[in-house]
Amino acid sequence: MKTGKQRALYVLQNFLLIVYAIFALFPLIWMVLITFKSDTEVFTTTFLFHPTLANYQEVLLRSNYARYILDSVIVSGGAVLVSVIVGVPAAYALARYNFPRKEELAFQILSYKFAPEILVVLPLFMIYQKIGLYDSYVGLIWVYQLISLPLLIWVVRGYFEDISVEIEYAAQVDGYSWYQIFFKMLVPLIKPGLVSSALLAFIFAWNSFTFPLILSSNKVYPVTVAIMKYLGTDSAHYGQLAVASTVSALPAVIFALCIQKHLVRGLSFGAVKG
Amino acid sequence: MAGLTLNHLYKRYDNSGKKKKIKNDFAVKDLNLVCEQGEFVALLGPSGCGKTTTLRMIAGLEEITDGEIFIGDRLVNKLHPKDRNIGLAFEDYAMYPPLNVYGNVAFNMRAKGVPKEEIDRKVREIAPLMQIDDLLDKMPVKLSGGQKQRVNIARAIIREPELLLMDEPLSHLDGKARQAMRTEIKRLINKIKCTTVYVTHDQLEAMSLADKIAIINFGVLQQFGTPTEVYDDPANEFVASFIGEPPMNILETTIINKDGTFFFTFEDSNLQIAVPKRYYSVVSDGFRCKMGVRPMDVLIGGPDSQGTSEEIATFENLGDERRIGVRVGDVLMMLITEDEKRYKRGDVIKLEVREEKTHLFDIETGDRIREKN
Amino acid sequence: MARIQLENVKKAFGKVQALDGITIDVKDKEFFVLFGPAGAGKTTILNCIAGIAMPEEGVVKFGDEVMNLTDPAHRNVAMVFENYALYPQMTVYDNMASALRSKLYKASEEEIAERIKWAAKTMKMENLLERLPSQLSNGQKQRVAMGRALVRTPNVFLMDEPLAHLDAKLRNSMRTELKEMQANLGSTCIYVTHDFMEAMALGDRIAIINKGKIVQIGTGDEIYYMPCNEFTAQLMGEPQINIFEATVAATNDGFDAKINVCGEEITLALPKDDNVYSKIKEQGMVRCDIGIRPQNVKYSFEPKEGYFKSTVYSYESIGNKSVIVAECGDYQLRMIAPNGLNVEIDSDVYIKLEMDHIILFDFESKEYIVRYDEASFIALAASKEEE
């Protein structure tokens, strides 16, 4: 039972949404188009060009691109793994126990995310060089905790707080030890939050640029920094640059699409509702 | 003059956007109700029955699908809530936290640009009535649940509305405070004599407060009458079991004819209750229906009683009264007694039923079966 | 199955003394009710018994064994939590099986299935076993929580307000069912509630708790008829008992009580009762508080011999009967009346107090002194004990 007015409104709404979608997606589409162009055609603004896979061949087969990707995977994955191992117990402690200066501590953890990376990275550079962490996996994984740990702790803490403490009591009375309760009862309940915050942390770590740019050079070469290589010293290979960027963005995009539903829900809802 | 008239009121939620089609999508269905001027009417029903939707339609917060709403003589279907001259006291109708109680009560008139002295006079007038005179300077966060509700109601009635609408105003209060507030509301409404519609799911609240009760289920009005009417003369099984605590005993029965006298008989039980004479015109041998009788009307017979012997399944001593449960088939039939005698599980008592107080309900529809005139 | 003893248990949370010297002795197979207002410390007592809370002082004993240092898992107690505490990720069946699948209380899957089948039948929830807790109504959750406790054979069942979140009707019918089940339970049970009807109906004995202390322990009848102080008297009974001040004066052959009704002094003769009279003489009583239950207050709307005048404050139904509240100046008198009377608020009402049902309390300490017919109520309470 739609009136004419409602129908007009409906059409207008969708029209505006389509305009916005084109506006938002255009740079990405353009980048993907560039990957198929030869260097001579890069600056043409028409959609007509001679598609070529030369850029892909150059980047994926003839350079060290696979190694860069692997480095990114190791560093980002390692960072998330460490965050989960450290962050989940920390979040549990913050949610369940009362100790002096608890809220201050929680705030301090969050505050790691406040400082601009560029501000802290210079002193870190000096320190890393002195203690030998410069240009090492451990060094980057460590510094990435600034990015992933606060996020994970804050999201997971909320999940723990939403689980009523009586559930733990009930399990104790049922004859389970604390470790059994933690892994059998609590971990399944925080899983949505844990998974979504871990994936988000992974994406943030993956996209990080400032830290690896300054704190690593030859031995560890995450893909975000590696992309710079394709700018070249003499000429800019925009096609190759576009390929490198597109491929490096893929994991984040795929993850985000796969878990889109869970991501939004996981970050905004508690575990035990209703 | 009627204070509020609802004429064939319908509410249907637009489900076109949802994938799942809900079969019965009428939240309110053909609701007709006439509240006299100054009457206190309770809309009573289980959660999701459409009572709050009805109230919101009267308030103008919800669109009407079909039908008419009159406040006094005015048709208000198309009026904006602020033009309907109604006072709202909703459960979640929060106070403005930055204002003190005085500011909250005065807020509405200030917004309308009523002169300051006039506002002050009215607030001072209403404060003692609602017993909030000492609270006027307090901030909302400092108030108890009961005080908040009083301020809420003061805010609703200060505009001298034609119609006062209340939605579960007591549901956030606990036992004692709730009872005290119930008494206060009753006295207050009695004083200001404003037509009031009060939504609740608590039959006790409706029974104790209202002049008339409209019992709603699945959006359909089941019965509209005074508390005594709905208690003593329920229109159907739903009303009978919804009103009263403990609820009416309702048992499936087969009526048998023994030498010209009809008896209720029950499966897996030797209990027999005589059918009141007035129902003889509607029953027959082998007639299946449901029999309802209130626990107050089931009695323990003396030693020479003619009643059936039954074994006690539960005995609850509640101090003021004692409740006894007897198994009739697989139904627990309850009775209430103020007799001081203490029984225990397994004791045998003679069960008597005040036959004239039994009701008959259709076994399929649950509608009341009445005697033919 | 075991006798549960608490000796002088103390527990504080920060500066709040939650339990202040609790001593109870729950007999084997007894249904023991802890009753008191919110925040009295009832749940903390349960938690101390379950081992969830650690008392700072005092002893918790199961049978002859001191349990203070035993962790909850090893105490073999089954607990029903106020918020049900069902495991949200597990089906009802798995929830109920949880304890029997733990290392400590391990049972074979066939045995688990059998026990769950029995418990589900007892709680009338056979059709719920495959559901998740989020798909259950409050009443059903409550059944599941009870069922989860029932599948075990613990030292003691601990139940923390299992009916509190249900609406009045469901609560009352569940209480009746619980009462019926109680006989089959055949196990020690400690039950926390703030609803006096639950306490009265279910408890073999009731302990009244207030502010972390035990006020009175006794059977329902003892506490209802002989409350140890005014606080207890007011907790038991709905509508509440009427308590007001009086002065006592000797007459030729007995005593009179004088009370104030709306500024007017009313003289009421205290009927003869040797026990009451001797208590009055013994104490040289001049002032006291009188407690009288609403069912012993009679009303009339016409002036009548022996009735005094007051005004109606309110008249409202409390279900199968109604309460008239009369304004008496400093206090109000509640009395029971039938439903459906035509009573105008603020109209006159004439009241008679049945003085042979009153309870006398100390004016200062608010403690119980004596009641009429005390001997017969002691006998009544004792008859229950024998069972």
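In this text the structure is predicted, and so the values were computed from the model without any measurement.

**Q** Would you mind going over the overall build of chain A with me for this structure?
**A** Counting its secondary structure elements, chain A contains 12 helices and zero strands. Across chain A, helices and strands are ordered from the amino to the carboxyl terminus as α-α-α-α-α-α-α-α-α-α-α-α. In terms of overall dimensions, chain A is more spread out than a globule: its C-alpha atoms have a radius of gyration of 24 Å, far above the 19 Å expected for 274 residues. C-alpha extents for chain A along the principal axes are approximately 75 × 75 × 30 Å. By the burial criterion, 34% of the 274 residues in chain A qualify as buried.

**Q** Even after reading the chapter, I still don't get the overall build of chain B, so can you show me in this structure?
**A** What chain B contains, in helices and strands, is eight helices and 21 strands. Expressed along its principal axes, the backbone C-alpha trace of chain B runs to roughly 80 × 50 × 45 Å. Every one of the 373 residues in chain B was classed for burial, and the buried ones make up 40%. Relative to all contacts within chain B whose residues are 6 or more apart in sequence, the contacts with residues 24 or more apart total 67%.

**Q** Where do I start with the sheet that holds strand 11 (residues 249-258) of chain B in this structure?
**A** Consider a sheet: its strands pair through backbone hydrogen bonds, and that pairing is either parallel or antiparallel. Residue and element names in this part refer to chain B. A sheet is described by the order of its strands in space; here six strands give the open sequence 13-12-11-14-20-21, paired in antiparallel fashion. Only two strands of the sheet have a single neighbouring strand rather than two, namely strand 13 (272-274) and strand 21 (368-369). Bridge count between strand 20 (residues 359-361) and strand 21: two bridges; the pairing is antiparallel. Its bridge partner lying in strand 21, phenylalanine 361 is registered against arginine 368.

**Q** I tried to follow the domain arrangement of chain B on my own but got confused; where do I start?
**A** How big an interface is tends to be stated in terms of accessible area lost as the parts join. Residue and element names in this part refer to chain B. As far as domains go, chain B holds domain 1 (4-15 + 22-242) and domain 2 (249-369). Here domain 1 and domain 2 have C-alpha centroids that lie 39 Å from each other. Each partner contributes to the interface: domain 1 provides seven residues, whereas domain 2 provides eight residues. When grouped by side-chain class, the residues that make up the side of domain 1 that touches domain 2 number four nonpolar, two polar and one charged.

**Q** Quick question: what am I supposed to make of the interface of chain C and chain B here?
**A** Taken together, the 30 residues of chain C in the interface contact 30 residues of chain B. Those elements giving two or more residues to the side of chain C that touches chain B turn out to be helix 5 (168-185), helix 6 (196-202), helix 7 (220-225), strand 16 (308-317) and helix 10 (374-386) of chain C. With seven residues, the single largest contributor to the side of chain C that touches chain B is helix 5 of chain C. Classifying every residue of the side of chain C that touches chain B by side-chain character gives 11 nonpolar, 12 polar and seven charged.

**Q** Help me understand the interface of chain C and chain A, please; the structure alone is not making it clear to me.
**A** Residue-level contacts link 20 residues of chain C with 16 residues of chain A. Taken together, the elements giving at least two residues each to the side of chain C that touches chain A come down to strand 6 (77-80) and helix 2 (92-101) of chain C. In terms of residue count, the dominant contributor to the side of chain C that touches chain A is strand 6 of chain C (three residues). Partitioning the side of chain C that touches chain A into residue classes produces 14 nonpolar, five polar and one charged.

**Q** What exactly am I supposed to notice about the pairing of strand 7 (residues 163-167) of chain B here?
**A** Residues and elements named next belong to chain B. Of all the five residues making up strand 7, five are buried; the element is thus mostly covered by neighbouring parts of the structure. The side-chain alternation of strand 7 yields two buried faces, one formed by Leu163, Leu165 and Asp167 and the other by Leu164 and Met166. Of the pairings in the sheet, the one linking strand 6 (residues 86-90) to strand 7 comprises five bridges and is parallel in character. If you follow leucine 88 over to strand 7, its bridge partner there is leucine 165. Pairing between strand 7 and strand 8 (residues 195-200): five bridges, direction parallel. Across the sheet, residue aspartate 167 finds its bridge partner in strand 8, namely valine 199. Tracing the backbone out of strand 7, into helix 5 (residues 175-192) and back to the parallel element strand 8 gives a crossover that is right-handed.

**Q** Looking at this structure, how should I read the sheet that holds strand 20 (residues 359-362) of chain C?
**A** Residues and elements named next belong to chain C. In spatial order, the strands read 13-12-11-14-20-21; together these six strands make up an open sheet with antiparallel pairing. Taken across any chain shown, the strands that pair with only one partner, and hence form the sheet edges, are strand 13 (264-270) and strand 21 (368-371). Averaged over all neighbouring strand pairs, the angle between strand axes comes to 35 degrees, with direction disregarded. Relative to strand 14 (residues 287-292), strand 11 (residues 242-250) runs antiparallel, the two sharing six bridges. When the sheet's bridge partners are listed, asparagine 242 is paired in strand 14 with isoleucine 292.

**Q** How do you make sense of the confidence of the model for chain A when you look at a structure like this?
**A** Caution applies to low-pLDDT parts of the model: their predicted coordinates are not meant to be read in detail. All names here are of chain A. When pLDDT is averaged across chain A, the result is 86; 93% of the residues are at 70 or more. Mean pLDDT across the secondary structure elements of chain A bottoms out at helix 12 (residues 260-268), with 68, and peaks at helix 3 (residues 65-96), with 94. Note that residues 270-274 has pLDDT below 50 and, in this model, 16 contacts with residues that lie over four places away or in other chains.

**Q** It is not clear to me how the packing of helix 2 (residues 101-112) of chain B against helix 4 (residues 145-157) of chain B should be interpreted in this structure. Could you clarify?
**A** Packed helix pairs are characterised by how far apart their axes lie and by the angle those axes make with each other. Residue and element names in this part refer to chain B. As a packed pair, helix 2 and helix 4 sit with axes 8 Å apart at the nearest point and diverge in direction by 25 degrees. Classified by the angle between their axes, helix 2 and helix 4 sit roughly parallel to one another. Here the hand of the crossing between helix 2 and helix 4 comes out right-handed. When helix 2 is examined against helix 4, the residues Val101, Asn104, Val105 and Asn108 are found in contact with a partner set consisting of Val151, Ala154 and Arg155. When its residues are assigned to classes, the contact of helix 2 with helix 4 shows four nonpolar, two polar and one charged.

**Q** Which parts of the structure should I look at to understand the confidence of the model for chain B?
**A** Per-residue confidence for chain B gives a mean pLDDT of 88; residues scoring 70 or more make up 96%. If you check the scores for this complex, the pTM reads 0.84 and the ipTM reads 0.87.

**Q** Any chance you could explain the nonpolar core here in plain terms?
**A** Side chains of a nonpolar character, in soluble globular proteins, are inclined to be buried together. Val156 of chain A together with Ile49, Met79, Leu158 and Ile190 of chain C are the most contacted members of the largest nonpolar core, which totals 167 residues. Excluding anything up to four places from it in sequence, methionine 79 of chain C contacts Ala170 and Val173 of chain A together with Ala50, Ala149 and Leu158 of chain C. Residues Ala42, Val123, Ala210 and Phe361 of chain B belong to the second largest nonpolar core, which totals 93 residues.

**Q** Would you take a moment to explain the arrangement of the chains for this structure?
**A** The highest contact count of any of the two pairs of chains in contact belongs to chains B and C. No part of chain A reaches chain B; the closest C-alpha pair between them is 9 Å apart.

**Q** Before we go on, may I ask you to explain helix 11 (residues 238-258) of chain A in this structure?
**A** All names here are of chain A. Here helix 11 spans 30 Å end to end across 21 residues, near enough to the 30 Å set by a 1.5 Å rise per residue. Along helix 11, the sharpest change in direction is near 35 degrees and occurs at leucine 250; proline proline 251 comes one to four residues later. Buried residues along helix 11 sit against helix 1 (4-35), helix 2 (54-62), helix 3 and helix 10 (223-226).

**Q** Just checking my understanding: could you explain the environment of aspartate 30 of chain B for this structure?
**A** Of note, aspartate 30 of chain B is situated in strand 2 (residues 26-36). Sequence separation of aspartate 30 of chain B and valine 220 of chain B is 190 residues, and the distance between their C-alpha atoms is 7.0 Å.

**Q** Help me understand the pairing of strand 10 (residues 220-225) of chain B in this model?
**A** Looking along a regular strand, one sees side chains alternate from face to face of the sheet. All names here are of chain B. One ladder, built from five bridges, connects strand 9 (residues 212-217) with strand 10; its direction is antiparallel. The residue bridging alanine 214 from the neighbouring strand is phenylalanine 224, located in strand 10. Here strand 9 folds back onto strand 10 in antiparallel fashion, the turn holding two residues, of which phenylalanine 218 has a positive phi close to 50 degrees.

**Q** When you look at the packing of helix 3 of chain A against helix 6 (residues 137-162) of chain A in this model, what are you seeing that I'm missing?
**A** Residue and element names in this part refer to chain A. In the contact formed by helix 3 and helix 6, the axes pass within 6 Å of each other and the chain directions differ by 35 degrees. In the crossing of helix 3 with helix 6, the sense of the turn from one axis to the other is right-handed. The class makeup of the residues in the contact of helix 3 with helix 6 is 22 nonpolar, five polar and three charged.

**Q** Looking at this model, I keep getting lost on the environment of lysine 61 of chain C. Mind explaining?
**A** Positionally, lysine 61 of chain C belongs in strand 4 (residues 57-62). If sequence neighbours within four positions are ignored, lysine 61 of chain C has contacts with Gln5, Val66 and Met67 of chain C.

**Q** Help me understand unusual backbone geometry in this model?
**A** Generally, phi is negative for residues other than glycine and the peptide bonds are trans, each holding for most cases. Cis rather than trans, the peptide bond between glutamate 245 of chain B and proline 246 of chain B has omega equal to -5 degrees. Relative to the assigned elements, proline 246 of chain B resides in the loop between helix 8 (237-242) and strand 11. Look at the link from glutamate 238 of chain C to proline 239 of chain C: it is a cis peptide, with omega at 0 degrees. Locating proline 239 of chain C in the fold gives a position in the loop between helix 8 (230-235) and strand 11. Positive phi is not limited to glycine here, since asparagine 85 of chain B has a value of about 60 degrees. Inspection of the secondary structure assignment puts asparagine 85 of chain B in the loop between strand 5 (74-75) and strand 6. Not every positive phi belongs to a glycine, and glutamate 161 of chain C is a case in point at roughly 40 degrees. Along the chain, the position of glutamate 161 of chain C falls in the loop between strand 7 (156-160) and helix 5. Glutamate 161 of chain C gets classed as buried once you count the C-beta atoms within 10 Å, which come to 21.

What counts as what
- Residues numbered from 1 in each chain as written.
- Chains lettered and ligands numbered in written order.
- Predicted model: local features only at pLDDT ≥ 70, side-chain atom pairs only at ≥ 80, totals over all residues.
- Helix = DSSP H or I, 4+ residues; strand = E, 2+ residues; numbered from the N terminus.
- Rg over C-alpha atoms; globule rule 2.2 N^0.38 Å.
- Buried ≥ 20, exposed ≤ 12 C-beta atoms within 10 Å, placed from the backbone.
- Contact = placed C-beta atoms within 7 Å.
- Pairing = 2+ DSSP bridges.
- Domains from an automatic or database assignment.
- Nonpolar A, V, L, I, M, F, W, Y, C, P; charged D, E, K, R; others polar.
- Right-handed = clockwise from strand over helix to strand, strands pointing away.
- Axes fitted to C-alpha atoms, helices over the stretch in contact; angles between N-to-C directions.
- pLDDT = per-residue confidence, 0-100.
- Parallel < 35°, antiparallel > 145°, perpendicular 65-115°, else oblique.
- Left-handed = near helix turned anticlockwise from the far one by under 90°.
- Core = buried A, V, L, I, M, F, W, Y, C linked by C-beta atoms within 7 Å.
- Expected span 1.5 Å × (residues − 1).
- Bend = angle between axes of the 7 residues up to and from the residue.

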